[in-house]
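The residues making up each chain are set out below.
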Amino acid sequence: MKLGVHQIAFTVPDGAAGIAPELVRLAHAVEEAGVTHLSVMDHYFQMEQILPATDPMLEGYTTLGFLAAHTSTVRLGLLVTGVTYRHPGLLAKIVSTLDVLSGGRAELGIGAAWYEREHVGLGVPFPPRAERFERLEETLRICRQMWDQDNDGPFEGKHYQLAETLCHPAPLSKPPILIGGGGEKKTLRLVAQYADACNLFATSPEEVAHKLDVLRRHCDEVGRDYDSIQKTANHNGPITDSFVNDMTAYAKLGIETMIVLPPGNTPAKYVQEEVAPLVPQLANL
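Residues numbered from 1 in each chain as written. Predicted model: local features only at pLDDT ≥ 70, side-chain atom pairs only at ≥ 80, totals over all residues. Heavy atoms only, no water.

Colleague: Got a sec to walk through the state of the cysteines? Specific residues and values, please.
Modeller: A full pass over the atoms with the stated rule returns zero disulfides. Cys219 provides the cysteine sulfur closest to Cys198, a residue in no disulfide bond, and the two sulfurs are 9.0 Å apart. (Disulfide = S-S within 2.5 Å.)

Colleague: Describe the packing of helix α5 (residues 129-146) against helix α6 (residues 187-194), listing the residues and the values that go with them.
Modeller: Two elements in contact, α5 and α6, have axes whose closest approach is 11 Å; the angle formed by their N-to-C orientations is 15°. Relative to α6, the element α5 lies roughly parallel. Crossing of α5 over α6 shows right-handed handedness. Counting all contacts with α5, which are made through Phe133, Leu136, Glu137, Leu140, Arg141 and Arg144, the residues of α6 involved are Thr187, Arg189, Leu190, Gln193 and Tyr194. (Axes fitted to C-alpha atoms, helices over the stretch in contact; angles between N-to-C directions. Helix = DSSP H or I, 4+ residues; strand = E, 2+ residues; numbered from the N terminus. Parallel < 35°, antiparallel > 145°, perpendicular 65-115°, else oblique. Left-handed = near helix turned anticlockwise from the far one by under 90°. Contact = heavy atoms within 4.5 Å.)

Colleague: I'd love a proper account of the environment of Ile8, names of residues and values included.
Modeller: Topologically, Ile8 is positioned in the loop between β1 (2-7) and α1 (16-33). Taking the relative accessible area as the measure of exposure, Ile8 reaches 11% and is therefore buried. The sequence separation of Ile8 and Thr63 amounts to 55 residues, and the corresponding C-alpha distance is 12 Å. Non-local contacts of Ile8, meaning those with residues more than four positions away in its chain, are made with Met41, Gln46, Ile50, Met57 and Leu261. (Buried < 20%, exposed > 50% of the residue type's maximum accessible area, 1.4 Å probe, protein only.)

Colleague: Before we move on, could you go through the pattern of salt bridges and cite the residues and values that matter?
Modeller: Taken as a whole and judged by the stated rule, the model has nine salt bridges. For Arg25, the salt bridge goes to Glu22, with nearest N and O atoms at 2.8 Å. Within this pair, Arg25 and its partner Glu22 are both found in helix α1, separated by three residues, close to a single helical turn. A salt bridge links Glu48 to Arg117, with the nearest nitrogen and oxygen atoms 2.8 Å apart. Of the two residues, Glu48 sits in the loop between β2 (37-40) and α2 (60-68) while Arg117 sits in helix α4 (residues 116-122), which places them 69 residues apart along the sequence. Linked through salt bridges whose partners overlap, the residues forming this network are Asp42, Glu59 and Arg86. (Salt bridge = Lys/Arg side-chain N within 4 Å of Asp/Glu carboxyl O.)

Colleague: How would you explain the nonpolar core if you had to name every residue and give the values?
Modeller: Buried together is how nonpolar side chains tend to be arranged in soluble globular proteins. One finds Val5, Leu108, Leu215, Met258 and Val275 to be the most contacted residues of the largest nonpolar core, which totals 85 residues. The biggest single contributor to this core is α1, with seven residues. (Core = buried A, V, L, I, M, F, W, Y, C linked by side-chain atoms within 4.5 Å.)

Colleague: For α5, give the residues involved together with the corresponding values.
Modeller: Along an α-helix, residues three or four positions apart point the same way, because every turn accommodates 3.6 residues. The terminal C-alpha atoms of α5, which comprises 18 residues, lie 25 Å apart, in line with the 26 Å expected from a rise of 1.5 Å per residue. Turning to α5, its buried residues number three or more, namely Arg132, Phe133, Arg135, Leu136, Glu138, Thr139, Leu140, Ile142, Cys143, Gln145 and Met146. As for α5, its buried residues are in contact with α3 (88-101), β5 (106-111), β6 (155-156), β7 (161-162), β8 (177-180) and α6. (Expected span 1.5 Å × (residues − 1).)

Colleague: So what's going on with the environment of Pro127? Residues and values would help.
Modeller: You can see Pro127 is positioned in the loop between α4 and α5. Judged by relative accessible area, Pro127 falls into the buried class, the value being 12%. Sequence-wise, Pro127 and Thr71 are 56 residues apart; in three dimensions their C-alpha atoms are separated by 37 Å. Leave out the neighbours within four places in its chain, and Pro127 touches Thr84, Arg132 and Arg135.

Interpretation note: all reported values are geometric properties and have no functional meaning in isolation.
Now the structure itself:
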C-alpha cells in the first residue's frame, strides 16, 4: 500500500504570507517521506461542514503549479476537481499544462461538485444534480478526446460543443483520471466506463468492500477489467497506534493508496513526524 497526502486547510500561524513557505516545506517533506501522491481541494470557500467558510482556501490548479515547481517525483492532482468550476476544454488544457511543466506528474481527479454555497456566493452556475452528472460524463469524454492527438475534431454534446479539440503541447503522459465518490448508480458507473482510479472514503472495511463490489458489477456490465482500475481511499481521522493494523483490512480489499489529511497549521511537520514512519510499514501490506 502507498500513502498519499491531501492538504485541505491552510491555517498556518503566519497567516496568508506564511502559506507559500509552508507549502514548500510540505512539498519537500512528502518527497523525503516517500509519499506518492500530493493533492489539494478544488474549492472557492473552505468547507463549512468542517471549518469556517472564511478560513483560507487556495485556487486548486494554481496551487498545483506552485507545488510542481518544488517537487520532482510526487504525483499531483486535485481531490477532486468540481466539474462545474471550469469549462471542460479549459480544464483539459490546464491539466495538460500541469503535466508538461511537472514532467508528466499530473492527475485529473474529478467529481460532480456539491458545494452550493460557494457557487451561489461567486455567481457560478450550479445546475441540478442530474445535470451535473451529465456534464461530468461529457467532460470526461472531452478530456480524453483532447489528450488523443489523433482526434482534434469537434465535440458535440448536450451541454458542451467544441469546434476543435486542439491541445498542444500534449500531455507528456496522458494524465490518469480519478473519479471521486461512492455513488452507486452514477459515480461508480462512470468509474467503470472512463476512470483509471476511484477514490472512496475509508469509513469501514465493510463499506468499502460493498462499494468495490458495486464497482465490479459496473465493470462487468460495460466490459471493463476491474483490476485495471486503481483503488484509493481517504482516511479522514487522526493517525493512531493502530493505523497500520487498520490499513491491513483495506489492503486486503485491494486499496492501493491510502490518503491522509494533515492539519492546516503545521502540515510539513505532521508529514515528517506522523506520516513518514508509516510509508515503509504500509509498503509491506
